[in-house]
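Listed below, chain by chain, are the residues.
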Amino acid sequence: MMVLAVLFAVLGAVSNAAGTAFQRKAASAVPGRSGLRLLLALMRRPAWAVGIVGVAGAAVFQALALVNGPMALVQPLFMLELPFALLIAVPLMHRRPSPEGWRTIAVVVAGLALLLASAAPSGGRQQASMQRWIPALALTLGAIAVTVLLVRSSSSPLFRAAALATGAAIGNALTAALMKSATGRLADDGLAAFLTAWQTYGFALTGIAALLLLENALQAGPLVASQPALTIGDAAVSLLLGVALFDESVRTGWWLLPEVAGAGLILWGVTRLTRVVPHLVDVMR
């Protein structure tokens, strides 16, 4: 089961990377628009349609991964989206990653391997009680609202991109939690239970909201601001939700040292990747 979870999560990261690359290409072609106006403009662009297919494929792979493994394992594997996104995006501008780019990608992968090997996510269940869902929903939705309000108070492209990406990351993590619960009902009780579960409609709504925030983050500023917040935020919030909602467990004690070291390598690598790839801001233009 764990092997299937890892396999589907990696396939989801590849699919999402392709979707992000083409969404960035479409978003960069419609400057000066935001909100629903941005979404309506993007819907008329073929690159955005290709990106949506990638995102939809990622959602399917993500659901399969969450059915077969703990959320604390599956969601961090989606950090691989950034290296894959760069590997897909750079050829679009007929370039090759520099040697430093390859080394930085290796650092991200090594950091992820160290983090997951040290944390060893395990256990958990498919469902959570409403006593757990209510505070989780309040905190995550409240945090998303705060990021949107912060964007309105700043004109800095870097800050706006980072804040919107943080909101998208929280939305993605909440969507994954709702999806895990909904797909668990599908696996255990069939299609009727899936269609009548509130989590099914919850993950559809939060998924759309997260997508809208992502589109605006990509349009608001450079990838160097949005991608680290999106990548790290999704994994961190997902791990917390997995533990709080589904009783998933990770190692603590002295294992926290290599876990922090792995997270540090990932953070450095993700930030560095957005700088070492040639003309990364213009990759999807």
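Here is a short report on the structure shown in this document.

## Examining the overall build of the chain
Line of reasoning, step 1. Helix and strand counts for the chain come out as 12 helices and two strands.
Line of reasoning, step 2. Its helices and strands taken in sequence order, the chain reads α-α-α-α-α-α-β-α-α-α-α-α-β-α from the N to the C terminus.
Line of reasoning, step 3. Counting all 285 residues of the chain, 51% fall into the buried class.
Line of reasoning, step 4. Counted over contacts in the chain with a minimum sequence separation of 6, partners at least 24 positions apart contribute 85%.
Line of reasoning, step 5. Accessible surface for the chain amounts to roughly 12,700 Å². Of this, 72% is attributable to carbon and sulfur atoms.

## Here we look at the environment of Gly184
Line of reasoning, step 1. In this structure, Gly184 sits in helix 8 (residues 157-189).
Line of reasoning, step 2. As for Gly184 and Leu64, which are separated by 120 residues in sequence, their C-alpha atoms are 10.0 Å apart.

## Observations concerning the side chain of Glu248
Line of reasoning, step 1. Among the structural elements, Glu248 can be located in strand 2 (residues 248-249).
Line of reasoning, step 2. The side chain of Glu248 is buried and forms no salt bridge, while Lys180, the nearest opposite charge, is found at 4.1 Å.
Line of reasoning, step 3. Reaching out from Glu248, the side chain makes a polar contact with the backbone nitrogen of Met71 at a distance of 2.7 Å.
Line of reasoning, step 4. Ignoring anything within four residues of it in the chain, the contact list for Glu248 reads Pro70, Met71, Ala72, Ser122, Gly123, Gly124, Lys180, Gly242 and Val243.

## Section: the pattern of salt bridges
Line of reasoning, step 1. In the structure shown here, the tally under the stated rule is two salt bridges.
Line of reasoning, step 2. Here Asp247 and Arg125 are joined by a salt bridge, their closest N and O atoms 3.1 Å apart. With Asp247 in the loop between helix 11 (223-246) and strand 2 and Arg125 in the loop between strand 1 (122-123) and helix 7 (130-152), this residue pair connects regions lying 122 residues apart in the sequence.
Line of reasoning, step 3. Arg125 sits in the partly exposed class, given a relative accessible area of 38%.
Line of reasoning, step 4. Between Arg132 and Asp247 there is a salt bridge, with its nearest N and O atoms 2.7 Å apart. With Arg132 in helix 7 and Asp247 in the loop between helix 11 and strand 2, this pair connects stretches of sequence that are 115 residues apart.
Line of reasoning, step 5. When its relative accessible area of 29% is taken as the criterion, Arg132 is described as partly exposed.

## Focus on the side chain of Ser15
Line of reasoning, step 1. Along the chain, the position of Ser15 falls in helix 1 (residues 2-27).
Line of reasoning, step 2. Within the structure, Ser15 has its side chain in polar contact with the backbone nitrogen of Ala58 (distance 3.2 Å).
Line of reasoning, step 3. Once residues within four sequence positions are removed from consideration, Ser15 is found in contact with Gly54, Val55, Gly57, Ala58 and Phe61.

## Considerations on the packing of aromatic side chains
Line of reasoning, step 1. In the structure shown here, the tally under the stated rule is four aromatic pairs.
Line of reasoning, step 2. With 5.3 Å between their ring centres and 80 degrees between their planes, Trp133 and Trp198 make a pair best called edge-to-face. Within this pair, whereas Trp133 is found in helix 7, its partner Trp198 is found in helix 10 (residues 198-220), the two being separated by 65 residues in sequence.
Line of reasoning, step 3. A relative accessible area of 0% places Trp133 in the buried class.
Line of reasoning, step 4. Looking at Trp198, the relative accessible area reads 35%, which means it is partly exposed.
Line of reasoning, step 5. Considering the side-chain rings of Trp254 and Trp255, the 4.3 Å spacing of their centres and the 25 degrees angle between planes classify their relative orientation as stacked.
Line of reasoning, step 6. Owing to a relative accessible area of 58%, Trp254 belongs among the exposed residues under this scheme.
Line of reasoning, step 7. The exposure class of Trp255 is partly exposed, given its relative accessible area of 25%.
Line of reasoning, step 8. Each residue in the set Trp133, Trp198 and Phe246 is aromatic and connected to the rest through ring pairs, giving one cluster.
Line of reasoning, step 9. Its guanidinium or amino end placed over the ring of Phe246, Lys180 lies 5.9 Å from that ring's centre, counting from NZ or CZ.

## Considering the packing of helix 8 against helix 10
Line of reasoning, step 1. Closest axis-to-axis distance for the helix 8/helix 10 pair is 7 Å, and the angle between their directions is 160 degrees. Accordingly, the angle class assigned to the pair helix 8 and helix 10 is roughly antiparallel. Of the two elements, helix 8 crosses helix 10, and the hand of that crossing is left-handed.
Line of reasoning, step 2. Split into classes, the residues belonging to the contact of helix 8 with helix 10 amount to 16 nonpolar, 11 polar and two charged.

## Observations concerning helix 6 (residues 99-119)
Line of reasoning, step 1. For helix 6, which comprises 21 residues, the first-to-last C-alpha distance of 30 Å matches the rise-based estimate of 30 Å (1.5 Å per residue) to within 8%.
Line of reasoning, step 2. Turning to helix 6, its buried residues number three or more, namely Gly101, Thr104, Ile105, Val108, Gly111, Leu112, Leu115, Leu116, Ser118 and Ala119.
Line of reasoning, step 3. Immediately downstream of helix 6, the backbone of Ala120 shows phi near 45 degrees, a positive value.

The rules behind each value
- Residues numbered from 1 in each chain as written.
- Predicted model: local features only at pLDDT ≥ 70, side-chain atom pairs only at ≥ 80, totals over all residues.
- Heavy atoms only, no water.
- Helix = DSSP H or I, 4+ residues; strand = E, 2+ residues; numbered from the N terminus.
- Buried < 20%, exposed > 50% of the residue type's maximum accessible area, 1.4 Å probe, protein only.
- Contact = heavy atoms within 4.5 Å.
- Areas by Shrake-Rupley, 256 points an atom, 1.4 Å probe, with all protein chains shown as cover.
- Lys, Arg positive; Asp, Glu negative; His and termini not counted.
- Salt bridge = Lys/Arg side-chain N within 4 Å of Asp/Glu carboxyl O.
- Polar contact = N/O pair within 3.5 Å; in protein donor to acceptor, adjacent residues only side chain to side chain.
- Phe/Tyr/Trp six-rings, centres within 6.5 Å; stacked < 30°, edge-to-face > 60°.
- Lys NZ or Arg CZ within 6 Å of the ring centre and 35° of its normal.
- Axes fitted to C-alpha atoms, helices over the stretch in contact; angles between N-to-C directions.
- Parallel < 35°, antiparallel > 145°, perpendicular 65-115°, else oblique.
- Left-handed = near helix turned anticlockwise from the far one by under 90°.
- Nonpolar A, V, L, I, M, F, W, Y, C, P; charged D, E, K, R; others polar.
- Expected span 1.5 Å × (residues − 1).

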